[in-house]
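Close look at the chain arrangement
Here is what each chain is made of, one letter per residue.
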Amino acid sequence: MLPGTLLSLLGGLGSTLIAFGLGRRSRGLLVRTTTPAQRARAERLLTRYGLLAVLVTRPVPVLAETVALLAGTTTLGWWRVTLASAAGVLPAALIYAAAGATAQSGLS
């Protein structure tokens, strides 16, 4: 079960960090396509709820990466996002690993 949990955890963290990095790189596009007021509002929302959003959406495909990408456009730090992502991914990783281990033992 441990290897399965670790692989799932690494996959979830990896997708978060890639999306977050893309968000960091797309700040220029964001500046060109939005108004200062829109950016300030988004920054306030993501600064206030961004880490919670990263944590809660981690088990939800596509939405999790979208939130991580948006978080990358803010001033949230890499380590805080990584920790929030790990906390959000870990329960699902454990469940996936347990299901795999149970299925594997049932086949034997």
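Scope of this entry: the structure provided in the associated data block.

Definitions and limits used
- By convention here, each chain's residues receive numbers from 1 onward along its written sequence.
- Whole-chain, interface and lining totals are the exception, using all residues; otherwise, since this is a predicted model, local features are given only for residues with pLDDT of at least 70 and side-chain atom pairs are given and counted only at 80 or more.
- The basis for every side-chain value is the complete set of non-hydrogen atoms in the structure, without hydrogens or water.
- For helices, the fitted line uses only the C-alpha atoms of the stretch in contact; every axis is such a line through C-alpha atoms, and the angle between N-to-C directions lies from 0 to 180 degrees.
- Runs of H or I in DSSP of at least four residues are treated as helices and runs of E of at least two as strands, each being numbered from the N terminus.
- Working rule for angles: under 35 degrees goes down as roughly parallel, over 145 as roughly antiparallel, 65 to 115 as roughly perpendicular, anything else as oblique.
- Helix crossings fall into two classes, left-handed where the near helix is turned counterclockwise from the far one by less than a right angle and right-handed where it is turned clockwise.
- Contacts are assigned to residue pairs with any non-hydrogen atoms lying within 4.5 Å of each other.
- Polar here means any residue outside two lists: the nonpolar Ala, Val, Leu, Ile, Met, Phe, Trp, Tyr, Cys and Pro, and the charged Asp, Glu, Lys and Arg; Gly therefore counts as polar.
- Working definition: with a 1.4 Å probe on protein chains only, accessible area under 20% of the residue-type maximum means buried, over 50% means exposed, and in between means partly exposed.
- Directions from the helix axis toward the C-beta atoms define the arc.

Looking at the packing of helix 1 (residues 2–25) against helix 4 (residues 63–72)
Orientation of helix 1 relative to helix 4, taken along the N-to-C sense of each, is 40°, at an axis distance of 6 Å. Accordingly, the angle class assigned to the pair helix 1 and helix 4 is oblique. In this structure, the crossing between helix 1 and helix 4 has a hand that is right-handed. Each of S15, T16, A19, F20, L22, G23 and R24 in helix 1 lies in contact with helix 4, whose residues at this interface are E65, A68, L69, A71 and G72. Grouping the constituent residues of the contact of helix 1 with helix 4 by class yields 6 nonpolar, 4 polar and 2 charged.

Examining the packing of helix 3 (residues 36–57) against helix 4
Closest axis-to-axis distance for the helix 3/helix 4 pair is 9 Å, and the angle between their directions is 150°. The angle between the axes of helix 3 and helix 4 places the two elements in the roughly antiparallel class. Relative to helix 4, the crossing made by helix 3 is left-handed. Here L46, A53, V54 and T57 of helix 3 lie close against helix 4, whose contacting residues are L63, A64, V67, L70 and A71. Looking at the contact of helix 3 with helix 4 residue by residue, the classes come out as 8 nonpolar, 1 polar and no charged.

Quick word on helix 4
Because the α-helix completes a turn every 3.6 residues, residues three or four places apart line up on one side. Within helix 4 the residues assigned to the buried category are A64, V67, A68, A71 and G72. On an axial view of helix 4, the arc spanned by its buried residues comes to 140°, and they lie on one face. Among the structural elements, helix 1, helix 2 (27–33) and helix 3 are those in contact with the buried residues of helix 4.

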